[in-house]
Structures are given as C-alpha cells and as structure tokens.
Amino acid sequence: MHSTETLPDARGHFGPYGGMFVPETLMSALHELATEYDRAKTDREFQNELSILLRDFAGRPTPLYLAERLTNKLAGPKIYLKREDLLHTGAHKINNALGQILLAQRMGKRRIIAETGAGQHGVAAATVAARFGCECVIYMGQVDMERQALNVARMKFLGAKVVPVTAGQATLKEAINEAMRDWVTNVRTTHYILGSVLGSHPYPMMVRDFQSVIGVEARHQILEREDRLPDLLVACVGGGSNAIGLFHPFLQDQHVQMVGVEAGGEGIRSGKHAARFQGGRLGVLQGTKTFLLANEEGQIELTHSVSAGLDYAAVGPEHSYLRDLGRVEYTYATDDEALNAFGILSENEGIIPALETAHAIAYLVKNAPKMKREQIVIVNCSGRGDKDVDAAARALGFKQNSQP
Ligand SMILES: *Cc1c(COP(=O)(O)O)cnc(C)c1O
C-alpha cells in the first residue's frame, strides 16, 4: 500500500481509481498542465504570488471559529467552524481558481473556460479571469441557471459569457461535457479551470493541493487554540474538493477521524439522491475512474439534491480510495435534514450557510449528541448561503407577508 501522502502515482492513480480517460486530443494539454504544475510546486516565485493573492485578494487565512451556541445546543463535542464562507466570492472555490489562473498565465493561455453547478465555481473562475484580464466562458446547466440566478448575474457583471446547457438533465454533468467539448476545440489558447477534485489527472491532485491550504491552516489554528489535534473532521462532499482540502493535511494523524457527507436528496432511491457511496458502482465518467451512480449497463443515473453544488453523479477518485482504506467514513444527509441544519446554524450562530455546507452541519445535528463533551470537531463551513436564500425560502415554505 502506498502512503496516502504520496498519491496519486505519475499517471494519476489512487489505487484502482483516477487516471486519464480523455480523448487523444486532450492528452498533450493535460501533460503540459501536469508538467507546468510540477514546476510551479517548487517555484518560489509562483508560491509567493499565490500566497499573496490568497491573503490580499481572497482573504486568507480564514478564521477557525468556536461555535459556542451550536456546541451548547447540541450538547456534544466542542464545534469549530473553518470559515471558508468568509472568503471573497463566498466559498472555498476561489482557492483553486487562483492557483489555476496563475498556471494559465505561465502557459500563456489567455482564454478561460469553466463549468459550474451552483454557480460558486463559475463566479470564482469569472472573478480570477477578470482579475487577470482574460476572456472567460462559463458552461452552466439550464436548470442550475434557474435555481442560481443570483450567481448567473454575478458572472455576467464580471464580464464572463454564461452559456446555458440544455442537454440531458441540464445540470453539472452536462455543463462539464460542454466545457470539455470547447476545450478539445480551443485547447491551444484555452485553459479549463475545473472546479473540483474530478476529471482526468492532474486535476484531482492539483485541485486537492490548492485546497489543502484549508487543512494546513486548520491544523495550525487548532494546535494553537487547543494544544491538540481534533477528534473529528466533517465536510460535505460534492466532487469532494472542500472535504479533501480539510482532510488531506490530517491523513497521517491516525487518531483524527473524518466524515464526508454526501447529498441524500429525497432518500436513497434511484434518481432521488447524489450519494455515490450508497448504491453507487465503479465506472468512468468525464476523465476519471471512480464511484458513480449508474445502472447495470453503465448509463449514468439521474441525481437530485436541494443543493446544486452536491448534485453530481461521480465523486472524486481519491475519496473512493480513502473510503476503501477505511480512512474516511462517508454518509449522507437528506434535503430535509440539510434544510433543518441550515435553520439551526442561522438561528444559533448568525451564520447562514450554503445548502451544501448545511449537509455537513446536519451530520453534527444528528451525531453530536452521541459524542463526548471533551471531544473536538472541526466542520468545514465551505460557503455562505446568500445564493440559496430563495431556494431555502421556497423549500421551507416561507411566504412573504405571512410570516409569524
Ligand atoms: C461547490 C461547493 C461544494 C461542493 O464541491 P466540493 O468540490 O465537494 O467541495 C460545497 N460547498 C460549497 C459552498 C460549494 O460552493
């Protein structure tokens, strides 16, 4: 067994998962990206430029916040929130977008494309493209454009072109297909800023590394505050980038448990959820081999979640590997549980979380009361809920003028 720290191997494998399942026309672009990234990793100038942008443009380090009222309410472990919601543009996505735009500059690629689900990654990509004066095209499913209209407007203000994708379920998977199609055609001038630990090598590794700043900071902060490591880390898992970003710097700390929370949607029935580790199977989707939701013929199944950012049929390949190892436990929260947690965090801490993040909070609402008071938990507060205010109000049945 490889040490989890040194994975993936040179061709992007995490055990049996990962790899490079892409058309021939993209292979040279992916190799170029891998080579450039390899150089950048040890280049002081690159690292310096990135850390200045993370600090002065994005707002790092983010606080590690002791959620006292939530802790008291749940009467379980001490709960800390890693406040990625306080970052510029409202979620952790900016960490990765900044890393990738710097790589694009080094490769001389001045046109940026990206896919987006909830719109957070589209906003992050459009933001860094504006910051560096690059042309930017964002692919977004028509259904997602409707449920995330606020973020569509933000991308347009930032100068990006937002292209609606109407194929299939008209959500994230179809948007990625369109982005890949564009990339194949325009690969010489274009960099594809992929938004999670998905797709072909080197993306799952590279996005993980850019997001690991979350866990590196959290580790340092908790040692400073508590003089010990936490007992448990919790994060929601869409593609899995905020989760792996928090988890990765703790993987060698055997006593730190980790839980990833997927979208249980309306329950674990075909077509009603996006919990790949509940009833998923091994397959290949959009460049990588991993756990995904497909039928026996390998056709990708429909997915559902109240949160657009978790609504995807595949999970990042490294998560499949960590699950096989038993290093990380994966569970799910339903739409109703997430909406309940959304209200609890808002009312008790004055923090309105993204609906994605609310899935991680829901795990605590359910499980914190079973834990000991002296235990310490860090939850990744991956994003803020501004974009979800309409969707949550609708789901919770708020009506204007008729509130108590
Ligand atoms: C995009 C997003 C997610 C899901 O993506 P991961 O790659 O799994 O982190 C979770 N939370 C927020 C706030 C997001 O914007």
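Notes on the structure follow.

Examined against the element boundaries, Met371 turns out to sit in the loop between helix H14 (355-367) and strand E14 (376-381). Remark: the alpha-carbon pair of Met371 and Val306, spanning 65 residues in sequence, is separated by 28 Å. Beyond its immediate stretch of four places on either side in the chain, Met371 contacts Gly76, Pro77, Leu232 and Val377.

Turning to the site of the ligand, a few remarks are in order. Residues in close proximity to the ligand total 17 residues, the closest being Lys93, Ser196, Gly238, Gly240 and Ser241. Within the side chain of Ser382, a nitrogen or oxygen atom sits 2.8 Å from a nitrogen atom of the ligand. Here the ligand, which alone exposes 380 Å², has 96% of that area covered by the protein. Its residues assigned to classes, the shell around the ligand shows 4 nonpolar, 11 polar and 2 charged.

In terms of burial, E14 is a largely internal element, 6 of the 6 residues being buried. Judged by which residues are buried, E14 turns out to be covered on both faces: Ile376, Ile378 and Asn380 on one side and Val377, Val379 and Cys381 on the other are all buried. Note that strand E4 (residues 78-83) and E14 share 6 bridges and pair parallel. From the neighbouring strand, Leu81 faces E14, where its bridge partner is Val379. Here 3 bridges tie strand E9 (residues 232-236) to E14, and the two strands are oriented parallel to one another. Within the sheet, the bridge partner assigned to Leu233 lies in E14 and is Ile378.

Rules and cut-offs
- Residues numbered from 1 in each chain as written.
- Predicted model: local features only at pLDDT ≥ 70, side-chain atom pairs only at ≥ 80, totals over all residues.
- Heavy atoms only, no water.
- Helix = DSSP H or I, 4+ residues; strand = E, 2+ residues; numbered from the N terminus.
- Contact = heavy atoms within 4.5 Å.
- Near = heavy atom within 4 Å.
- Polar contact = N/O pair within 3.5 Å; in protein donor to acceptor, adjacent residues only side chain to side chain.
- Areas by Shrake-Rupley, 256 points an atom, 1.4 Å probe, with all protein chains shown as cover.
- Nonpolar A, V, L, I, M, F, W, Y, C, P; charged D, E, K, R; others polar.
- Buried < 20%, exposed > 50% of the residue type's maximum accessible area, 1.4 Å probe, protein only.
- Pairing = 2+ DSSP bridges.

Shape descriptors only; they carry no functional weight alone.
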